[in-house]
Amino acid sequence: MDGRCPVKHLGTCVVPSAPENVVNGRRWLLGQLEPLLGARHSACEDSVLLLSETLTNAIVHGGGDLVEVDAYVGTANIRIEVTDEGGDSVPHHVDDPHGEHGRGLPILAMLAKSWGFGQLDDGRLRVWFEVPHTGGSAPVRSPSRNDGTRGEAPAPSPGTAHIADR
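Calculation rules
- Residues numbered from 1 in each chain as written.
- Predicted model: local features only at pLDDT ≥ 70, side-chain atom pairs only at ≥ 80, totals over all residues.
- Heavy atoms only, no water.
- Helix = DSSP H or I, 4+ residues; strand = E, 2+ residues; numbered from the N terminus.
- Polar contact = N/O pair within 3.5 Å; in protein donor to acceptor, adjacent residues only side chain to side chain.
- Salt bridge = Lys/Arg side-chain N within 4 Å of Asp/Glu carboxyl O.
- Buried < 20%, exposed > 50% of the residue type's maximum accessible area, 1.4 Å probe, protein only.
- Phe/Tyr/Trp six-rings, centres within 6.5 Å; stacked < 30°, edge-to-face > 60°.
- Lys NZ or Arg CZ within 6 Å of the ring centre and 35° of its normal.
- Pairing = 2+ DSSP bridges.
- Core = buried A, V, L, I, M, F, W, Y, C linked by side-chain atoms within 4.5 Å.
- Contact = heavy atoms within 4.5 Å.

> Would you mind going over the side chain of histidine 133 in detail, with residue names and values included?
Relative to the assigned elements, histidine 133 resides in the loop between strand S5 (125-132) and strand S6 (160-162). Among the polar contacts listed, one links the side chain of histidine 133 to the backbone oxygen of glycine 74, at a separation of 2.7 Å.

Below is the structure:
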């Protein structure tokens, strides 16, 4: 991510592969980011929009019954990783300005600081993106202790959220 700053894993959300579950992934991500960056922070809004695009693509084009979403935050970037079971194709641009589909990757390219994808050793496909942020409190530093030293605030333990079908 930043290469020079600590990165905190905010957790993993497992979403069943059905288009109606994209909203649950969006809600989960917003719930992770808002406490760190504040409500209506532009980086939260951009991250949730880009998650919607990448999660939808994973559900529509990836194989399997579940899609995993991992969220990380550093002092300058938010990183989101969306992993599906792999499918018949990898992310590619569809040049059809009048089509109903194919706008996700151009939006990703426009809003993300960087993005990419990779095939994992087990055949799964991971698409990731990074969104810059300013402000907020990630990673959190604790105030000075009574002994005059500073230390890292204990991070909440990252958990895995399982989102059920609606």
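> Please set out the pattern of salt bridges residue by residue, giving values where relevant.
Using the criterion set out here, one finds five salt bridges in the structure. A salt bridge links glutamate 68 to arginine 124; its shortest N-O distance comes to 3.6 Å. With glutamate 68 in strand S2 (residues 66-73) and arginine 124 in the loop between strand S4 (114-119) and S5, the pair connects residues that are 56 residues apart, well separated along the chain. Overall, the relative accessible area of 29% leaves glutamate 68 in the partly exposed class.

> Describe the packing of aromatic side chains, with residues and values.
In this structure the tally under the stated criterion is zero aromatic pairs. Arginine 79 extends its terminal NZ or CZ atom over the ring of tryptophan 128, reaching a point 4.4 Å from the ring centre.

> Give me the lowdown on the pairing of S2, citing residues and values where you can.
As paired elements, strand S1 (residues 8-16) and S2 share eight bridges and run antiparallel to each other. What sits directly across from histidine 9, in S2, is tyrosine 72. The sheet contact formed by S2 and strand S3 (residues 77-84) spans six bridges and is antiparallel. Looking across to S3, one finds that aspartate 70 is bridged to glutamate 81. Here S2 folds back onto S3, and the loop between the two strands holds three residues.

> I'd like to hear about the environment of glycine 63, residue by residue, with values.
By the secondary structure assignment, glycine 63 is in the loop between helix H2 (42-61) and S2. According to the relative accessible area criterion, glycine 63 is partly exposed, its value standing at 21%.

> Any chance you could break down the nonpolar core for me, citing the residues and the numbers?
If you look at the biggest cluster of nonpolar residues, it comprises 29 residues, and the most contacted ones within it are Leu29, Leu51, Leu55, Val69, Ile80, Val82 and Phe129. Put simply, the parts of the chain that give this core at least two residues each are S1, helix H1 (22-37), H2, S2, S3, helix H3 (104-111) and S5. Per-element accounting of this core gives the leading share, eight residues, to H2. Leave out the neighbours within four places in its chain, and leucine 51 touches Gly25, Arg26, Leu29, Thr56, Val69, Ile80, Val82 and Phe129.

> Quick rundown of the environment of cysteine 13? Include the residues and the values.
Within the secondary structure, cysteine 13 sits in strand S1. The class of cysteine 13 is buried, set by a relative accessible area of 0%.

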